[in-house]
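Listed here are the chains, written in short residue letters.
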Amino acid sequence: MAENKNKRLEVIDLGKIIKDAWNRKWFIFKALCVAFVLSSIYILPVPRTYTTEVKVAPETENSLSGGALSNIMSTMGLDFDQMQTNDAISPILYPDLLDDNGFASKLFNIHVESADGEIKTTYYDYLAKYQKQSPWSAPIRWMRKLFKSKKSSTDVHEFDPYWMTKIEDTVTKKLRKNIHISIDKKTAVITINVTDQDKLICRSMADSTRLVLMNFITDYRTTKARFDMDYYTELVDEARMEYEQARQRYAAYGDSHTDASLPSVRSRLDDLENDMQLKYNTYSTLSAQQQASKAKVQERTPAFTLVKGAAVPIRPTGPKRVYFVFGMLMLTFFGCFVYIEKEEIRKFFKPAEES
């Protein structure tokens, strides 16, 4: 093994490699020029994209205090308080909401406008009709159109997020690619990243996604409380109607028997008054429960703190044209060295093969 290693080291001659590269410098220069031109031609037509993010901290309801256990779990990257929440959908699951077509489709009808004002449409139409395409993907798009089904996918139909057409499914995949939701398990701060070809639309969708997510969380957290409030509101309306009817019966009977002193009349009037009082007590009790249910809705409504607002990005985030061209030049430079020293490289590996 030592002899083979020494033989390999003897084969490597850095001076000779540098000399050979210098002798072929014009070949390397021409190769780098060709690589620069070709990589520039390839990357320049690729549409540029912009990225922005928004951070929001939702209020969470905790049932237990973790104490020392919470501190231990926080060092492991876990949030004990988040695991102890009474909600079936904890904040840890919020990033998975975009996987649901029903939630993703709520972003389709958001109105967007481009920075130059030329595009004013819904986000669905923007993804479906106004996306800039790289010219290098034209052959692929042509092949897709060639083998596309003859059936029309633009027929008017009632939209069903769980039974989408092929176009709707494609747009939904683009939406999931552009919008990403993540959460910090330690701080519960939700981060929404949006990438789009237009910087103003990018910012608009970041804000809109935040609002849709906040509304979803609020609706989910207050569903039972709002159901109870609606139930008590219905009961209060019925109790009020029954009380008004009992009061009118009592007043009408009392007015028609003002001068009557018969025991039967007084007994009937007492019965009507008692019935009216019972109806009033029921109405009063239900009204109190209705107010309590309204307070419960307010109590269950989470508060959100905007940690970082969405800003219109100044510079595009992709593609990295300079890095791409530089990487291609480095790859070409390395390839030229391999080509020039192919014989030396073959000699370098030959002893290892024989051993």
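(A) Spotlight on the overall build of the chain. Looking only at helices and strands, the chain features 14 helices and six strands. Taken across its 355 residues, the chain has 32% of its residues classed as buried. Long-range contacts, defined as pairs at least 24 residues apart, comprise 76% of the intrachain contacts of the chain with a sequence gap of at least 6.

(B) Seen up close, helix α10 (residues 199-221). Over its 23 residues, α10 runs 33 Å from end to end, which matches the ideal 33 Å to within 8%, given 1.5 Å per residue. The residue sitting at the N-terminus of α10 and contributing the capping side-chain oxygen is D198; that oxygen lies 3.0 Å from the backbone nitrogen of L200.

(C) Representation of the nonpolar core. By size, the foremost hydrophobic cluster in this structure holds 34 residues, and its most contacted members are Y123, L175, I179, I190 and M205. Where this core is concerned, the elements lending two or more residues are β1 (50-58), α6 (101-104), α7 (123-129), α9 (166-178), β4 (179-183), β5 (190-196) and α10. Residue contributions to this core peak at eight residues, all from α10. Membership of the second largest hydrophobic core comes to five residues, among which are A21, I28, C336 and I340.

(D) Highlighting the layout of surface pockets. Put simply, the second largest pocket is a space of about 230 Å³. As for the second largest pocket, its lining consists of 14 residues, and the residues nearest its centre are D116, Y126, K132, Q197 and D198. Looking at the lining of the second largest pocket, its residues break down into six nonpolar, two polar and six charged.

(E) Molecular detail of the packing of aromatic side chains. Counted under the stated rule, the structure contains 11 aromatic pairs. Ring centres of F103 and F216 lie 5.6 Å apart, and the angle between their planes is 80 degrees; on these two criteria the pair is classed as edge-to-face. Here F216 lies in helix α10 and F103 lies in helix α6, a separation of 113 residues in the sequence. With centroids separated by 5.0 Å and ring planes inclined at 70 degrees, the aromatic side chains of F333 and F337 adopt a geometry described as edge-to-face. With F333 and F337 both in helix α13 (residues 321-340) and four residues apart, the pair spans about one turn of that helix. F333 sits in the partly exposed class, given a relative accessible area of 34%. Linked through ring pairs, F108, Y124 and F159 together constitute an aromatic cluster. Lying across the ring of W22, K25 places its NZ or CZ 4.5 Å from the centre.

(F) Representation of the packing of helix α3 (residues 25-43) against α13 in the model. It is at 9 Å that the axes of α3 and α13 come closest, and there the two elements cross at 150 degrees. Note that α3 runs across α13; the crossing there is right-handed. Residue-level inspection shows F27, I28, A31, L32, A35, F36, S39, S40, Y42 and I43 of α3 in contact with α13, the latter providing R321, F324, V325, M328, L329, T332, F333, C336, Y339 and I340.

(G) Up close: the confidence of the model for the chain. Here the chain shows a mean pLDDT of 83. Residues at 70 or above account for 81%. Throughout residues 63-69 the model reports pLDDT below 50, and contacts reaching past four residues in sequence, or to other chains, amount to eight contacts. Confidence drops under pLDDT 50 across residues 150-154; counting only partners more than four residues distant or on other chains, this segment forms three contacts.

(H) Broad picture of the pairing of β4. Side chains I179, I181 and I183 project from β4 onto a buried face, and the interleaved H180 and S182 project onto a face without burial. Looking at chain direction, β4 and β5 are connected through five bridges and run antiparallel. Across the sheet, the residue bridging to H180 is N193, located in β5. A loop of six residues connects β4 with β5, the two strands running antiparallel in sequence, and A188 in this loop sits at a positive phi of about 65 degrees.

(I) Representation of the sheet that holds strand β6 (residues 304-308). With antiparallel pairing, four strands are arranged side by side in an open sheet as β4-β5-β1-β6. The sheet is open, and its two borders are formed by β4 and β6, each paired with just one other strand. Adjacent strand axes in the sheet meet at a mean angle of 25 degrees, parallel and antiparallel pairs treated alike. Each of β4 and β5 touches α9; the most contacted strand, β4, lies at about 45 degrees to it. Packing against the sheet, α10 makes contact with β1, β4, β5 and β6, and its axis sits at approximately 145 degrees to β5.

(J) Local environment of the side chain of T209. Mapped onto the elements, T209 comes out in helix α10. Those residues within four positions of T209 in sequence are excluded, and the remaining contacts are L107, I179, I181 and I192.

(K) Highlighting the pattern of salt bridges. Under the counting rule described, the total for this entry stands at 11 salt bridges. Taking the shortest distance from any N to any O, the salt bridge between R240 and D237 comes out at 3.0 Å. Separated by three residues within a single helix, R240 and D237 lie in helix α11 (residues 223-256), roughly one turn from each other. R240 sits in the partly exposed class, given a relative accessible area of 33%. Close ionic contact of D275 with R249 constitutes a salt bridge, the shortest N to O distance being 3.3 Å. Highlighted residues: D275 in helix α12 (residues 263-300) and R249 in helix α11, separated in sequence by 26 residues. Residue classification places D275 among the partly exposed residues on the basis of a relative accessible area of 24%.

Conventions adopted
Residues numbered from 1 in each chain as written. Predicted model: local features only at pLDDT ≥ 70, side-chain atom pairs only at ≥ 80, totals over all residues. Heavy atoms only, no water. Helix = DSSP H or I, 4+ residues; strand = E, 2+ residues; numbered from the N terminus. Buried < 20%, exposed > 50% of the residue type's maximum accessible area, 1.4 Å probe, protein only. Contact = heavy atoms within 4.5 Å. Expected span 1.5 Å × (residues − 1). Polar contact = N/O pair within 3.5 Å; in protein donor to acceptor, adjacent residues only side chain to side chain. Core = buried A, V, L, I, M, F, W, Y, C linked by side-chain atoms within 4.5 Å. 1 Å grid on protein atoms, 1.4 Å probe; cavity = no way out; pocket = protein on both sides within 12 Å on 5 of 7 lines; lining within 4 Å. Points joined across faces, edges and corners; volume = space filled by probe spheres on them. Nonpolar A, V, L, I, M, F, W, Y, C, P; charged D, E, K, R; others polar. Phe/Tyr/Trp six-rings, centres within 6.5 Å; stacked < 30°, edge-to-face > 60°. Lys NZ or Arg CZ within 6 Å of the ring centre and 35° of its normal. Axes fitted to C-alpha atoms, helices over the stretch in contact; angles between N-to-C directions. Left-handed = near helix turned anticlockwise from the far one by under 90°. pLDDT = per-residue confidence, 0-100. Pairing = 2+ DSSP bridges. Salt bridge = Lys/Arg side-chain N within 4 Å of Asp/Glu carboxyl O.

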